[in-house]
Amino acid sequence: SAELRAHESASSPTPLLREDEYTADLTPFAGATKEMRASANGSVTALLALLAGRRSVRRFRRTPIPRALLQSLEEAVRLAPSMDNLESRRFVFVRDAELRERLAQTTRGQDFLGDAPLVVVGCAHLGSASIRHLRGTSLYAPMEVAAAVENLLLVAHAAGLGATWVGEFSEADVSALLNLPPSGL
């Protein structure tokens, strides 16, 4: 494990890790070659560039999203971290135009939602989260949904799709439209 180096001064900050320290930590095994370390470092650089380039997009083409890309978005959600592997999140992928329009009406002034070719609704599954009592339902389940949404947004961005996170909506109205149970799916 790499040791952290102290910052020498506030006016000239130095990195916490030297390049050879952090690339070594990214190698899959101790005998990794220089080429393997360079590849891992390139992956980190590419990921950071992807993170830096992501933006919230609120104008959409009505072009349907190909099934293979939908599967990638679903996989991004599935791969998100989960507290104790409880999987306290469920997602509904809405492709039906009429239902997307009706979901847009549940938002507070975010009508652009109806123009998107896909609306993904993330739900905390309070039933599985309740295993961890109040902390599970009030903290862990929402964190799992948030982590999965971030994965979804990053994969959408990497695939060239515009996307945004919508948090202003009527939970009761969305639940009614999607026939969601009180436990969040």
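Anyway, here's the lowdown on the structure attached to this text.

Rules used throughout
The residue count restarts for each chain, going from 1 along the sequence in the order it is written. Local features in this predicted model are restricted to residues whose pLDDT is 70 or higher, and side-chain atom pairs enter the listing and the counts only when it is 80 or higher, whereas totals over whole chains, interfaces and linings include all residues. Side-chain measures here rest on the full set of heavy atoms in the structure, leaving out hydrogens and waters. Each residue's exposure class comes from its accessible area (1.4 Å probe, protein chains only) as a fraction of the maximum for that residue type: buried when under 20%, exposed when over 50%, partly exposed otherwise. Under the DSSP-based scheme used, a helix requires at least four consecutive residues in state H or I and a strand at least two consecutive residues in state E, with every element numbered from the N terminus. Note: two strands are recorded as paired if DSSP finds a minimum of 2 bridges between them. Think of a nonpolar core as a cluster: buried Ala, Val, Leu, Ile, Met, Phe, Trp, Tyr and Cys residues, connected wherever their side-chain atoms sit within 4.5 Å. Residue contacts are defined here by distance: any two heavy atoms, one from each residue, within 4.5 Å place the two residues in contact. Salt bridge, as used here: a side-chain nitrogen of Lys or Arg that lies within 4 Å of a carboxyl oxygen of Asp or Glu. The angle between two axes is taken between their N-to-C directions and runs from 0 to 180 degrees, where each axis is a line fitted to C-alpha atoms and a helix contributes only its stretch in contact. Here the word oblique covers every angle except those under 35 degrees (roughly parallel), over 145 (roughly antiparallel) and from 65 to 115 (roughly perpendicular). Should the near helix be turned anticlockwise from the far one by less than a right angle, the crossing is left-handed, and should it be turned clockwise, the crossing is right-handed. In this count, Pro and Cys sit with the nonpolar residues alongside Ala, Val, Leu, Ile, Met, Phe, Trp and Tyr, while Asp, Glu, Lys and Arg are called charged and the others, Gly among them, polar.

### Some details on the pairing of strand β2 (residues 119–124)
Then, number 1: Because side chains alternate across β2, one face comprises the buried residues Val 119, Val 121 and Cys 123, and the other comprises Val 120, Gly 122 and Ala 124, none of which is buried.
Then, number 2: Pairing between strand β1 (residues 89–94) and β2: six bridges, direction antiparallel. Pairing of Val 94 across the sheet is with Val 119, part of β2.

### So, the nonpolar core
Then, number 1: Counting 15 residues, the largest nonpolar core has Ile 65, Leu 73, Val 77, Phe 91, Leu 118, Ala 148 and Val 149 as its most contacted members.
Then, number 2: Among the secondary structure elements, those contributing two or more residues to this core are α3 (67–78) and α6 (133–158).
Then, number 3: The biggest single contributor to this core is α6, with six residues.
Then, number 4: Beyond its immediate stretch of four places on either side in the chain, Val 149 contacts Phe 91 and Trp 165.

### Quick word on the pattern of salt bridges
Then, number 1: One pass over the structure, following the stated rule, counts five salt bridges.
Then, number 2: Residues Arg 78 and Glu 75 are paired through a salt bridge, measuring 2.6 Å at the closest nitrogen-oxygen approach. Within this pair, Arg 78 and its partner Glu 75 are both found in helix α3, separated by three residues, close to a single helical turn.
Then, number 3: Each of the salt bridges in this network shares a partner with another, and the network as a whole consists of Arg 62, Glu 101 and Asp 115.

### Observations regarding the packing of helix α4 (residues 97–104) against helix α7 (residues 171–178)
Then, number 1: Contact geometry of α4 with α7 gives a least axis separation of 10 Å together with a crossing angle of 165°. Regarding the angle of α4 to α7, the classification is roughly antiparallel. Here α4 and α7 pass one another in a crossing that is right-handed. Here Leu 99, Arg 102 and Leu 103 of α4 come into contact with α7, specifically with Val 174, Leu 177 and Leu 178.
Then, number 2: Classifying every residue of the contact of α4 with α7 by side-chain character gives five nonpolar, no polar and one charged.

### Describing the environment of Leu 152
Then, number 1: Looking at where Leu 152 falls in the secondary structure, it is placed in helix α6.
Then, number 2: Its relative accessible area of 11% is what places Leu 152 among the buried residues.

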